Amino acid sequence: MTTLTGVAVEESKTERRGRRGISWNLVVGSTILGVILLMTICAPLITHYDPVHQNVADALASPGSRHWLGTDQLGRDLWSRIVYGARVDLKIAFVVEIFPFAIGVVLGCLAGFYGGWVDIIIMRCVDIVMAFPFYVLIIALVFTLGAGALSIYIAFTAISWIWYTRLIRGEVLVAKRQEYVSAAKAAGLKDLRLMGRHILPNVITQAIIFAMSDIVLNILGIVTLGFLGLGIQPPTPEWGELIADGQQFVTTNWELTTFPGIAVCITALGLSLFADGLADVLRPSA
Amino acid sequence: MNRFSFILHRLGQMVIVLFGITVMVFFMVHLTPGDPARIYLGTRATDSAVANLHHQWGLDRPLPAQYELFMGRLVRGDLGTSLLYQSSDARLILDRLPSTLWLLGYSVVLSLLIAVPLAATSATKKDGLRDHAIRLGSVISLGMPSFWVGIMLILLLGVDIHAFPVGGYGNGVIGHLWSMFLPGLTIAIAVSPLLLRSLRASMLNVLDADFVATARSKGIPRRRILVSHVLRNAIIPMITVLGLNVSFLIGGTVVVEKVFALPGLGNLMLQAILARDFPVVQAVTLVFAVMVVLVNLMTDVVYSLLDPRVSFD
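Small disclaimer: the values here were computed from a predicted structure and weren't measured. (Residues numbered from 1 in each chain as written. Chains lettered and ligands numbered in written order. Predicted model: local features only at pLDDT ≥ 70, side-chain atom pairs only at ≥ 80, totals over all residues.)

Draft legend 1. Summary view of the overall build of chain B. A tally of helices and strands in chain B yields 14 helices and 1 strand. C-alpha atoms of chain B, sized along the principal axes, occupy 85 × 60 × 35 Å. Of all 313 residues assigned to chain B, the portion counted as buried reaches 41%. Counted over contacts in chain B with a minimum sequence separation of 6, partners at least 24 positions apart contribute 69%. (Helix = DSSP H or I, 4+ residues; strand = E, 2+ residues; numbered from the N terminus. Buried ≥ 20, exposed ≤ 12 C-beta atoms within 10 Å, placed from the backbone. Contact = placed C-beta atoms within 7 Å.)

Quick look at the structure:
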């Protein structure tokens, strides 16, 4: 692919890792993620209400001792809905990353290793998908496939593979020129073995680091779809849908839109810090 | 490869990508489980009404013929006909384009106004308290869903203190600037961390450069070095970052337009989705993708003009 290679934008090497070798990003990030995961697993223990149980007599209650964060227009407990919503959003955000990861890594390896026509065809497909704004394509695809979890999986897979393909292709192009690859080639290794056993283990780290930060994008995408009514369908609690539901009461019951959003922010922050921390620890020679 | 042949090569690539985009948008309708005409008309539609719509969309023909029809219309500037509005998609899109372009331009300006001073502070005070605070802030704001940020801004600045209008497009230039401030800011909050990161990194690189040391040794004031030496060199890579993120930027307008009830392309798309108006969804998706392709081309050309050191490979 023709690209402009001008002044490279890279973070300066000195700041990658703290002086003492501890990545605070990793510590804080995994703590936040750990707490959130624990909360989603122990959801029945830390909530007192069923997230879909309606109690109209208690509708739009303010935050207080009975309902910590208040209730929505159908009297459903907001705290329960947020905690159970985490189950839905996190599960989809993680699972949805598996297929693009696998497909993207394989195609990136093939494109980088073989070059020529294979490379041209794969990279043109990448260019085409990349031309669509992420949110526009996600919304259009989920709309045509019909709202719901399956459509979300298909749509994200159809789009996110391109990032891995680009990333891994670039890494493979570099790795291919290394001596250990020439040596393995000279030893008469088959292409498949060379790629799978020698090149892949050396380039996969970058994809793993990227996956963590891409999950942040997944969560934002899923929540956006939920907000637009294209995501997980009610009554299953989902953060984006909670925000959309609360929007009509924003002047009287601000908590209904504010808290689900904060839940998204904290989760995304945990994931981002974890991803940065992972990069600190895993990225070689930094 | 010289500059001219580089631009020619990029144009050639662009044609392939544009072709691919039309194929993808064309096949979108065929991805629908079930019959798009029946989905639009509802379950109680008569068979003849469905057949009529099939004929209107050309769905009754074989696939290659359908694509030929689709492309033939496209070349003549016909993006299809909206079922909901009973008017041409091209007309609808042209009507709503100004609002979206305004929002895009405005949010780019606001993002730069946020990112450049913060990046300069962050890079010059590296590892200081302000640097850490700015970096943490950018990580947090990257993870905020922009529609939620929009609602929060409405709540804080619109509803409570009535500082800004909470919806609509306004009249005249001043009116646009006034009523699009909150939507522009919403997008800027999402985009500026990306710019900030790259600008900070490239400023740190430039700060280490020999010519900065030379300038310092000549006794040029710090502020002047920062603006005319460091920033000028560091801002070029940021143009690429801005170009790369234009698709993110454009995607962001869709949801933000809904939150602020702006009469733009994104809102047109979302309303069409509610009405199951396939031709409009297709046409808007196509226009968005073409916009991204054009901006990316422009970025590459501008970049190659701005930085004489750039190499083409």
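There is more to say after this.
Draft legend 2. Quick peek at the overall build of chain A. Looking only at helices and strands, chain A features 11 helices and 1 strand. Secondary structure elements of chain A, listed N to C terminal, follow the sequence β-α-α-α-α-α-α-α-α-α-α-α. Along the three orthogonal principal directions, the C-alpha set of chain A runs to about 75 × 50 × 35 Å. Residue burial in chain A is summarised as follows: out of 286 residues, 47% are buried. Put simply, 70% of the contacts in chain A that link residues at least 6 apart link residues at least 24 apart.

Draft legend 3. Summary view of helix H1 (residues 3–31) of chain B. Its 29 residues give H1(B) an end-to-end C-alpha distance of 41 Å, which sits within 8% of 42 Å, the value for a rise of 1.5 Å per residue. Buried within H1(B) are the following residues: B:Val17, B:Ile21, B:Met24, B:Val25 and B:Met28. (Expected span 1.5 Å × (residues − 1).)

Draft legend 4. Region of the structure containing the environment of A:Ile32. All names here are of chain A. Along the polypeptide, Ile32 turns up in helix H1 (residues 24–41). A residue is classified by how many C-beta atoms lie within 10 Å of it, and Ile32, with 19 of them, is partly exposed. Separated by 238 residues in sequence, Ile32 and Gly270 have C-alpha atoms that sit 5.2 Å apart.

Draft legend 5. Examining the interface of chain A and chain B more closely. Facing 43 residues of chain A, the contacting portion of chain B comprises 55 residues. Those elements that place two or more of their residues in the side of chain A that touches chain B are strand S1 (4–5), helix H5 (116–131), helix H6 (134–145), helix H9 (191–227), helix H10 (239–247) and helix H11 (255–282) of chain A. When the residues that make up the side of chain A that touches chain B are grouped by side-chain class, the tally is 27 nonpolar, 12 polar and 4 charged. (Nonpolar A, V, L, I, M, F, W, Y, C, P; charged D, E, K, R; others polar.)

Draft legend 6. Structural context of the environment of B:Gln66. Residue and element names in this part refer to chain B. Position of Gln66 among the secondary structure elements: in helix H4 (residues 63–75). Residues Gln66 and Phe26 lie 40 residues apart in sequence; the distance between their C-alpha atoms is 8.8 Å. Those residues in contact with Gln66 that lie beyond four places of it in its chain are Gly58, Leu59 and Arg61.

Draft legend 7. Main features of the packing of helix H5 (residues 89–124) of chain B against helix H14 (residues 278–306) of chain B. All names here are of chain B. Two elements in contact, H5 and H14, have axes whose closest approach is 10 Å; the angle formed by their N-to-C orientations is 55°. The angle between H5 and H14 places the two elements in the oblique class. Crossing hand, H5 versus H14: right-handed. Counted together, Asp89, Leu92 and Ile93 of H5 and Pro279, Val280, Ala283, Val284 and Val287 of H14 form the full contact between these two elements. A per-class count over the contact of H5 with H14 returns 7 nonpolar, no polar and 1 charged. (Axes fitted to C-alpha atoms, helices over the stretch in contact; angles between N-to-C directions. Parallel < 35°, antiparallel > 145°, perpendicular 65-115°, else oblique. Left-handed = near helix turned anticlockwise from the far one by under 90°.)

Draft legend 8. Structural detail: the confidence of the model for chain B. Taken over all residues, the pLDDT of chain B has a mean of 85, while the share at 70 or more is 97%. In the predicted complex, the global pTM is 0.87; the interface-specific ipTM is 0.87. (pLDDT = per-residue confidence, 0-100.)

Draft legend 9. Representation of the confidence of the model for chain A within the structure. Residue and element names in this part refer to chain A. Within chain A, residue pLDDT values average 85, and 92% of them lie at 70 or more. Within chain A, the lowest mean pLDDT, 38, falls on S1, and the highest, 94, falls on helix H4 (residues 98–114). Per-residue pLDDT stays below 50 along residues 1–20; that stretch engages in 39 contacts with residues further than four places along the chain or on separate chains.

Draft legend 10. Just the nonpolar core, in detail. The biggest cluster of nonpolar side chains holds 163 residues, and the ones touching the most others in it are A:Ile139, A:Val142, B:Val284 and B:Phe288. The element that contributes the greatest number of residues to this core is H9(A), accounting for 17 residues. Each residue touching B:Val284, except ones within four places of it in the same chain, is listed here: B:Ile93, B:Leu265, B:Leu268 and B:Met269. (Core = buried A, V, L, I, M, F, W, Y, C linked by C-beta atoms within 7 Å.)

Draft legend 11. Spotlight on unusual backbone geometry. Of note, the bond from A:Pro234 into A:Pro235 is cis; its omega dihedral lies within 30 degrees of zero at 10°. Turning to its location among the elements, A:Pro235 is positioned in the loop between H9 and H10. Phi is positive for B:Asp127, which is not a glycine, with a value near 65°. By the element assignment, B:Asp127 lies in the loop between H5 and helix H6 (129–142).

Draft legend 12. Just the packing of helix H12 (residues 246–259) of chain B against H14(B), in detail. Residues and elements named next belong to chain B. Running from amino to carboxyl end, H12 crosses H14 at an angle of 150°, the nearest separation of the two axes being 9 Å. In terms of orientation, H12 and H14 fall into the roughly antiparallel class. At the point where H12 passes H14, the crossing takes the right-handed sense. Listed contacts from H14 to Val246, Ser247 and Ile250 of H12 are Phe288, Met291, Val292, Val295 and Asn296. Here the residues of the contact of H12 with H14 sort into 6 nonpolar, 2 polar and no charged.

Draft legend 13. A look at the environment of B:Leu249. Residue and element names in this part refer to chain B. Looking at the secondary structure, you find Leu249 in helix H12. Since 23 C-beta atoms lie within 10 Å of it, Leu249 is described here as buried. Not counting the four nearest positions on each side in its chain, Leu249 is found in contact with Leu104, Ser107, Ile187 and Val191.

Draft legend 14. Fine view of helix H9 (residues 181–207) of chain B. Across its 27 residues, H9(B) extends only 34 Å between first and last C-alpha, which sits more than 12% below the 39 Å expected from 1.5 Å per residue. The axis of H9(B) is deflected most strongly, by about 35°, at B:Val191, and proline B:Pro193 appears within four residues downstream. (Bend = angle between axes of the 7 residues up to and from the residue.)

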